[in-house]
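What the coordinates show
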Amino acid sequence: MTFSVLSSMLALSLLGSFSPQEAQAIFEQANLAFAAQNHVQAKEGYQKLLDENLVGAELHYNLGTTCLELKELGCAIWNLEKASHLSPNAKDIHFNLALARSEQLDSVPSVETPFFYRALRNTSHTFLTWALLGCAWALLLCFVCRQISLKPTRLFQATDFILWVSFALCAFTFAAKWYTPSQWEEGIVLPAKASALQLPTAQAQQLFELHAGLKVRILERTGQFAKIRTANGQEAWINLQSLGML
């Protein structure tokens, strides 16, 4: 487990009631509590930062790892999933996430996120914006060079084609991030047990039972309930308080 403080987390601390110094102090105290195997106190410290809308791969990773030590699988898998979205190439995150999933009780597998959607989610708007600007300037430069040149060459034509394709791909990806279908919204079951109901009401008949850590797809929402679908195609309603949204 890594105990450094992410700059992104400190920057976002301005959105909450903590100053960057206070957020760092709480984070370091939680790290010390974890190192002393006081996992309850460590969880309280990390959760305090999350409650102030602070985010960061390391914050979610530390909280997820702490929850894993406390055998709270819903909390562990949800936070490790969030960490993996923020830092998709971190081996420690994937290792602990696999460890947490191996302890799930449900025989039903978690839903698999399509590759295209995972790629969209892991590609930032900032990167796409700069990529679009870069392609646009490169196209302008290529156009100017073609105007200056007495005779267009195959190199200019090939470069122009590649730049237009790159620009189109970036534009398509950028638009897709804004118009991603809502049915790809996912959530993690948080409590040890959660009732899957026939209708979106607390008095509805229970169809089956879900356990902590299961990833489900959100189909629609009504009031305090969400209609979910499991990997084997079962559909039911579940209280939104039982889900950690991804």
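Scope of this entry: the structure provided in the associated data block.

Within the chain, the regular secondary structure consists of nine helices and seven strands. Each of the 246 residues in the chain was classed as buried or not, and the buried ones make up 39%. Relative to all contacts within the chain whose residues are 6 or more apart in sequence, the contacts with residues 24 or more apart total 60%. Accessible surface computed for the chain: about 14,000 Å², of which carbon and sulfur atoms make up 60%.

Turning to unusual backbone geometry, a few remarks are in order. Of note, the phi angle at Gln37 is positive, near 65°, even though the residue is not glycine. Exposure remark for Gln37: the relative accessible area of 64% places this residue in the exposed category. Positive phi outside glycine occurs at Asn53, with the angle close to 65°. Relative to the helices and strands, Asn53 resides in the loop between α3 (39–51) and α4 (57–69).

Right, let's get into the pattern of salt bridges. Across all of its chains, the model carries seven salt bridges by this definition. As a salt-bridge pair, Arg101 and Glu81 come within 2.4 Å of each other at their nearest N and O atoms. On the criterion of sequence distance, the pair formed by Arg101 in helix α6 (residues 91–101) and Glu81 in helix α5 (residues 73–86) is long-range, its members being 20 residues apart. Judged by its relative accessible area of 37%, Arg101 is partly exposed. Between Lys215 and Glu81 there is a salt bridge, with its nearest N and O atoms 3.3 Å apart. Pair noted here: Lys215 is in strand β4 (residues 215–222) and Glu81 is in helix α5, with a separation of 134 residues, a long-range link. Of the two residues examined, Lys215 and Glu81, each falls in the buried class. Taken together, the salt bridges that share partners define one network made up of Glu81, Arg101 and Lys215.

With that settled, consider the state of the cysteines. This model, assessed by the stated rule, comprises one disulfide. With its sulfur 2.0 Å from that of its partner, Cys67 forms a disulfide with Cys75. As the torsion about the S-S bond is roughly 45°, the Cys67-Cys75 disulfide counts as right-handed. In terms of burial, Cys67 and Cys75 fall into one category: buried.

Rules used throughout
Throughout this description, residue numbers start from 1 for each chain and increase along the sequence as written. Local features in this predicted model are restricted to residues of pLDDT 70 or higher, and side-chain atom pairs are both shown and tallied only at a pLDDT of 80 or more, whereas totals for entire chains, interfaces and linings draw on every residue. By convention in this description, side-chain values take in all heavy atoms of the structure and omit both hydrogens and water. Each helix is a run of H or I in the DSSP string that is no shorter than four residues. Each strand is a run of E no shorter than two, and both are numbered from the N terminus. Partly exposed residues are those whose accessible area sits between 20% and 50% of the maximum for their type, while under 20% is buried and over 50% is exposed, using a 1.4 Å probe and protein chains only. In what follows, residue pairs with any heavy atoms lying within 4.5 Å of each other are defined as contacts. Here the accessible surface of atoms and residues is derived via Shrake-Rupley with a 1.4 Å probe, and residues count as covered only by protein chains that are part of the display. For this document, the term salt bridge refers to a Lys or Arg side-chain nitrogen within 4 Å of an Asp or Glu carboxyl oxygen. Note on terminology: pairs of cysteine sulfur atoms within 2.5 Å are recorded as disulfides.

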